[in-house]
Every structure is written in C-alpha cells, then in structure tokens.
Amino acid sequence: MSPVPRPIAAAIAAAALAAGGVVASAAPAAAASGDLFISEYVEGSSNNKAIEIYNPGTTAVDLAATGYKLQQYSNGSATVSLTINLTGSVAPGDVYVFSHALANAAILAQADQSANLGLFNGNDAVALVKGTEIVDVIGQIGVDPGSQWGTGLASTMDNTLRRNASIVQGDTNGADPFDPAVEWTGYASDTFDGVGWHLTPPDPDPEPVADCAATPVTIGSVQGSGAASPIPGQDVLIEGVVVGDFQTGGFDGYYVQDAGDGNAATSDGIFVYAPGGAPVDVGDSVSVAGEVAEFFGLTQVVAADVEVCATGQALPTATPLTLPATSAQREALEGMYVTLPQNLAIGETFEYGRFGTITLTNGRLDTPTAVVEPGAAANALAAANIENSITLDDGRGSQNPDPAIHPDGAVFTLDHSFRSGDLVQNATGILDYRFDTWGVQPTEGADFTVANARTGVPDVGGDLKISSFNVLNYFTSIDPTPANSGDDDDYRGADTAEEFQRQQDKIVAALAAIDADVFGLLEIENNGTAVQALADALNAKVGAGTYVPVTTGVIGTDAITTAVIYKPSTVTPVGTYQLMTSAVDPTWSDARHRPAVTQRFASTETGDEFVVSVNHLKSKGSACSESPDLEDGQGNCSASRTAAATALTKWLNETVAPDGRAIVIGDLNSYDHEDSIDAFARGGFTDLEKQFNGEHAYSYVFDGQLGYLDYALAQPALTADVSAVASWHINSDEPSLIDYDMSFKLPAQDALYAPDAYRSSDHDPVIVGLNLTPDATDPTIEVTADPELIWPPNNKMRTVQFSIDAADDRGDVTVELTDVSVSGANASWTQVDDDTFTVKAAKGAVYRFTWTATDAAGNTSTDTVEVVVGK
C-alpha cells in the first residue's frame, strides 16, 4: 500500500509527529568530546535518506533521556531548519537508524525511527546534538557548498558515506571545513547493505527452517488480540494458504491465512515479508519460518525459509467486512481475505494518481462543521466518519504506478474513469494496515456503478451571472528551478511551459462554459499581470474584448491574490475598486488574509447596481499564534477568520453597500456551521448556497468528506434578486490524476489529460443568477377538485380534495385561497387543511373556490373551480 497523507486519519498523524518534537530552534554550542557519532549517511534517490548513529561505549544510551537529536541546516543556513528529537535507546556497540518514512524497504527494515518530512539534500549540513552540544556533524554549518561537499563517490549528494574504522569520535566543530574523503568512504547511490551495523557485520542467529511435516503455531497466536503481536522478535513456524500475492509492485511479500484458532478477536491471516524469496502463487499451501515483526503497525513474519506444501488449494471464503467498523474489528481481520459487500461511495481520490489509492465511504460523508456545530458534535461526527471509511489500494507500493487501475480492475482511462460519489460493491482482497491507514489490497476487480455522472453547466436563470472560481495557483511565472522546493512559495503554479498551457486550457474551458458576467478569481498570481493574461486567453476562445480585468496591480504581500474579470457588454464598473485591508479596519489581518477586491457594477441593460467583494481568507492548514486550533473541528485560525468576517460585513453594510446590494464570493476557508460564517449571518448576509441547495451542498472534497468553502453571501436587497445558485461539480469529484500537473506522473499518466473543464482546479466554481429586469410575467395556476360532482344529494358532509399546480418562470410562488362563493339552499362548507374541505351535499348546491398565485414580484394569477351537487 502507499502512503496517504490527506485522508481522514492523516491530520491526526501529522499532529502526533509535531508532538514528537519536530521543531525549529537555534543552533547548539560545540561539545568537548565525541560520545555517540554518525557512522553512516545515505542520500540516495527519491526518499532514500538515512542517518546511522553508532554507540562506541560500554553502556546503553537512552536517546530521549539524554537529549539526543538530529538538526538540519538547509542550503547553507547558519540556523537550524529542522530538529528531530530521537527516541528509544542504542545498545553498546550497536547502531540506531533514522530514516525517511517513504524510504526503500531495505532501509525501513533497519530503521528505528522515521518521519515523512523533507529531509536533507547534498548541500544541507546535518548535526547530531546531545542536549545543546554538537557531538558530530556532516557538512559545514553556515556554508552552502553548491550541490554537495566532496567529489565523486566521496560526496554528500546521491551517495552513501560510511565512517572509516579509524574514526572513534565525531566532529564536534560544525564550523570547520568538511571534506568527506578525510574520514569517510563513499559508495554508489542507493547502497544500503551497510545500514544497520558498523565496522563488523552482525552475526545472525541460526535461521529457522520451514517444514511441512512439522506442527505450526496458529497465525492467530502470532497476531494476538491487540494492535500488535504479543511475540515480536520471536521465530515462529506458520502454515496456511497464500490468499494474496504481492511479491512484485513494492510490497515484496504475500499474505497467508490458516484455518483459524476459533478466537474471533485474533486474525487468521498475516503478511509474509520475503524480498527476493522463492516465488509462490495464490492457492499454494506454504510452511513459513521466520521472525515476527511489526512494520509501522502491520504485523508480519519476515521469512527466513519457505516450503510449498501443496498447490491449487481452495481459498477460504472471504470474510465480510461492513462499515462502520471500529479499529478493533479491523484489527481482528488484519491480513485476512475479506470482501466489502456494501455499495460504498468513492470518497477521496486525491492520492489516486500518486499512490493508486481511493477512499470508500458508507454513503457520502459530510465534513463535520458543514452540518453540525463545532465542538462535541463535530468531533463525534469526525470519529464516526473514520469508522465509515476505508481505503481501496491497488496492491502496489510504488509511487506513480503505471498503469492506473480502475476499482473494477480494468485500466483507468479518460473513457473509463470514475468520480467521487460513484459506487463500488464487493471489493475483495486482503485487509491491510500501512502508513496509519486501513485498506483493502484487491485481488480482483469490484462491481462499479456510475452514480455521480458529469453534468453540464447548472442553469441558474436570471439576467446576469456572477461566479467564484478558484484557479488553483494560476501563475504566469514558471518555476525556474522545479527540483528545488525552497522557492515553491514564490512559484506555486506550473513548473514548465507545457504544464502552464495544460493548466490554462482547462481553466479557460471552464470559464468559457460558465459564461459569467462577473468572475471573482482566487489563487491567481499576485504579479499584476496574470489576471490580464488569463483574460486574454479566455478572450481568444470566446471573442476579443469579451472580458476585461479590474486592474489592481500587485496588492498585499502574498504570492497569490484575488481578482475580478467582467463583461463590459453587460456590466459597467461604478467608481474604482476598493480593498478591504487593515487600513480600513485594524481588526482585519493583512498577514493572514488576502485583500478583498471589491467593485460596484451597474447592469448595462437596466442600470441596477450591485457590489461584488472577492475574498480569500486564511486557510486551516497552518497555525496562527493568535488563533490556535481549538480542536473543535474548525482547524487553525478560526478566530482570525471570524474577525475578518465581522470587519468585512461592517465595512460593506456601512460604507460600500449601504443599499444592501453587495455579494461576498470566494474561498472563505470555513464550513457553514463555523464561527466566521455565523459572523456573516449576524451582519445580515444570506448564505445563498445553503438557501438554494440545502444543508448538504458542497464544492470541495477533503478527507473523503463533503462541504463548501466557496461562498456566495448576499445582503438582503440583492438576495431578493437571486434566481438560483449552484456549484458546478467539475473539480471536487474528479480524480487529480487527470489534472494538468506533470510533476509526479509517468508519460502514460501525463497522457490522461484533456483540455476540458474537468479537474481544472480542486474547488468547484459557484455560480449565481441575478434577476435585474423587472418581472412582468404572471405566474401560472391550475386547480382541480376531487370530486367535482357530488352525488347523491343526501345532505351529508362530503370531503373534497384540491390539487393546485402553480409555477413562475423566476422561482417560487405563494398560493392562497382568496374566495369561496356558494349558491343553493342549505349549502355549507368547512376547511379541513390547506387543500382539503368538506361541503354539504345539498341538492342543487354549487361551490366556487378561487385560488390566487403570487410571485416574488407581486404578479398574480387566479383559478376558480366549481364543485356541483347533482347530476
């Protein structure tokens, strides 16, 4: 299985990593003596990075208690860029290995601690620190050597360095020049056979022997009933049928299941890690001898010897696993052959292109604060969402797998794709736990049903359309050094001219299809020219001069900004644009929020005016010291967003739009039950997305959960003119594999691209229709009665049910009974409810009921229906 940073449990894992002590700090002083020292340095391809630390002493060293840490000085920095506090202990004469969490399996098999972080490159100094003192260092602190220290194999880039046997203590002076050839021997890139020992190769224990005639232990006794095996490190002999073969694709092993131990709390299946071992096939009965180990939460047997006892054996019946399922319920099936019998929705697809994983959910799940209040209710729903989710992997551990595999087992293509909300049933394979995620490694294709097909542009009616569109880092400045992540904050968009053209073509296709009169744009480069470039590209498709930008130049200090383009043929700016910044209201944080670009427009046809304010508030993803995460479901910086919402509504209500005709659009980075959206409501703004589309509206999918961060919030006078609002689901439901980005794709995946609107961003555009032309059209109404003729005339009370069909071309109508007239002796009637009456069956009586329909503009229509007693 592949790492899945984004799905639901990943946020918890990230918090735990921070709690484990990955921090920035000041540089330490130099130590007087060596103590522990670095014995091996691995700077290989991709994430193959490791530091091995040797204990030359005669006693074990508790790393945490003695304050050992690794500190990284990036790109010649004189101050610490990254600190990793070490945990555990290292025995005398033994080594301790720290690695990247996504390193090669050979490294991870030796790793004592790992982290999924951007670790050192060849020009980064790395120090081993005890307390506040340096005890060893690779590189020279405060000096940027270019790409590396040293030359050839004896260099810090793309090589492995091993400390020479003559070196018995570390380099405690981080400021002295560093030449690897003095104390180190270099080896070619991705040389890992020395990781895990120093000076003398370890003397292995005699390996256990597989034996089909011997009595094995049950797999359940190896798995145990808890989260980890009760016998880690012990050699065992197990026997069972191979139910899942993943010897190729990166896992280097297979799953074996036995007949069971009768204990429902213990799993009967287990992963056999056997890199380079003898091949086995599904259906083989195998005897496996090896050591029990825990690999990041997955219990496994590291095979020392394997013997095939029989072939072609029937597989056990796949055990049904239904959602919701607790961790304990999943743990009891870890490594077993299972099936997911429910019709589960595809939830998260963000990691599908990179790692081949999707999330399946028990129905489409809501982001907690999109449907309930922050706090206990949101946290309870978050926990329930985890139990209602599971990953469907692709049986491969490699990144950017080729080909991409559809959930039904076929190859993914543009013509054989899927979307979030489509249904997967009977997914069958092995229940696996890797990278803090429960998932099924499939052994066959699942049943697939299209349940969320693509749609055309929503019809929102009206005379004019306003749209909010997050253009996902549309940067006309191409990253000059795409391999260098140090400048990614300045160049957030395309890495090459080809990528930029792919990105622009998709965005233009979406904008052209929406055909709004005013677009509010988010995440566009703040260089003063990108908005004009996008308008030019759009005009090249829809016609010269169709759109022009509100020209603001560079505003604010962030690399991205908000912007407006509009059709001069349908709307005319009234006055100049205005910005919401701290200069307007000191409670607005310029450091947290992009300036709100605000422009008043007039309809060229009617002269009606309205104000559009385009906003992009601080995200939840990074911390605000003045507004920390309160762990109530709102994430980081909620108080800062709330202050911004309060300041913005006050400014619009009192200064910019006292006529009540302003609309706030954009990415507010808040779900609709959060404090900042409450602040807009208190300011008199209507959440149009909720009003027109209800509680479960969405424009964004995160962690397999739905909600909307993209808003249209209107003051009362403008709300009355809104004909409809809709999010066009061209982005949130589409797999990122089909986007423009070519950074993490093989050529076959790059080819999964079309210059259309789908996955032009990760947020769906929001489209608002406005009725500015006076409504002179009457609504329609038709009333029928059941029965219309009553017989016999026996003077008894009879029930009459009315059916009323009323409609208006601009939305809702209200209907009321406006007149009842009666003729005939002894006639009488009574109203039971809105459309049900009783009438007296008096001979010759005629009852006439008149109903009136009224639309929002006050236009009316009436219809009268007669109920007659007699033939």
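Here, the structure is the one placed above.
Residues numbered from 1 in each chain as written. Predicted model: local features only at pLDDT ≥ 70, side-chain atom pairs only at ≥ 80, totals over all residues. Heavy atoms only, no water.

Colleague: Honestly, the sheet that holds strand E31 (residues 447-449) in this entry has me stumped. Any pointers?
Modeller: Hydrogen bonds along the backbone pair up the strands of a sheet, which may run parallel or antiparallel. Spatial strand order, E22-E23-E29-E30-E27-E25-E24-E28-E31: nine strands in an open sheet with mixed pairing. Looking along the sheet, the strands with just one partner apiece sit at the ends: strand E22 (319-320) and E31. (Pairing = 2+ DSSP bridges. Helix = DSSP H or I, 4+ residues; strand = E, 2+ residues; numbered from the N terminus.)

Colleague: Would you mind showing me how to read the state of the cysteines here?
Modeller: Between two cysteines, a covalent bond joining their sulfur atoms is known as a disulfide. Inspection of the entire model under this criterion finds two disulfides. There is a disulfide in this structure between Cys212 and Cys309, and the S-S distance comes to 2.0 Å. Taking the sign of the S-S torsion, about -90 degrees here, the bridge from Cys212 to Cys309 comes out left-handed. Taken as a pair, Cys212 in the loop between strand E16 (184-187) and helix H4 (219-223) and Cys309 in strand E21 (residues 298-310) lie far apart in primary sequence, 97 residues in all. (Disulfide = S-S within 2.5 Å.)

Colleague: Explanation requested: the pattern of salt bridges in the structure shown.
Modeller: Working definition: two side chains of opposite charge can pair if their charged atoms are close together. Throughout the structure, instances matching the rule amount to 26 salt bridges. Across the pair Arg163 and Asp136 runs a salt bridge whose closest N-O atoms are separated by 2.7 Å. Of the two residues, Arg163 is situated in strand E15 (residues 159-163) and Asp136 in strand E12 (residues 133-138); the sequence distance between them amounts to 27 residues. The class of Arg163 is buried, set by a relative accessible area of 5%. Here Asp136 falls in the buried class, since its relative accessible area comes to 0%. Shared partners join several salt bridges into a network, and the residues in it are Arg364, Arg419, Arg454, Asp733 and Glu734. (Salt bridge = Lys/Arg side-chain N within 4 Å of Asp/Glu carboxyl O. Buried < 20%, exposed > 50% of the residue type's maximum accessible area, 1.4 Å probe, protein only.)

Colleague: I would appreciate a short explanation of the environment of Ser221 in the present structure.
Modeller: Here Ser221 shows up in helix H4. Ser221 sits in the partly exposed class, given a relative accessible area of 36%. As a C-alpha pair, Ser221 and Asp261 span 40 residues in sequence and 7.9 Å in three-dimensional space. Leave out the neighbours within four places in its chain, and Ser221 touches Pro230, Ile231 and Asp261. Within polar-contact distance, the side chain of Ser221 engages the backbone oxygen of Thr218 at 2.6 Å. (Contact = heavy atoms within 4.5 Å. Polar contact = N/O pair within 3.5 Å; in protein donor to acceptor, adjacent residues only side chain to side chain.)

Colleague: Can you walk me through the packing of helix H11 (residues 638-656) against helix H12 (residues 675-682) in this structure?
Modeller: Angle between the axes and distance between the axes are the two parameters that describe a pair of packed helices. Relative orientation of the contacting elements H11 and H12 amounts to 15 degrees, with a least axis distance of 8 Å. One way to sum up the angle between H11 and H12 is to call them roughly parallel. The handedness of the crossing between H11 and H12 is right-handed. Touching Ser638, Arg641, Thr642, Ala645, Thr646, Leu648 and Thr649 of H11 are Asp675, Ser676, Ala679, Phe680 and Arg682, all from H12. (Axes fitted to C-alpha atoms, helices over the stretch in contact; angles between N-to-C directions. Parallel < 35°, antiparallel > 145°, perpendicular 65-115°, else oblique. Left-handed = near helix turned anticlockwise from the far one by under 90°.)

Colleague: Got a minute to help me understand the pairing of strand E43 (residues 710-714) in this structure?
Modeller: Along any regular strand, the residues point their side chains to alternate faces of the sheet. Counting buried residues in E43 gives five out of five residues, a clear majority hidden from the surface. Because side chains alternate across E43, one face comprises the buried residues Asp710, Ala712 and Ala714, and the other comprises Tyr711 and Leu713, equally buried. Relative to E43, strand E40 (residues 686-687) runs antiparallel, the two sharing two bridges. Of the residues in E43, the one forming a bridge with Thr686 is Ala714.

Colleague: What should I look at first to understand the pairing of strand E44 (residues 722-727) in this one?
Modeller: The buried fraction of E44 is high, at six of six residues. Pairing analysis gives five bridges linking E44 to strand E45 (residues 766-770), with the strands arranged antiparallel. Its bridge partner being in E45, Val725 is matched across the sheet by Val768.

All we've got here are geometric facts, nothing functional implied.
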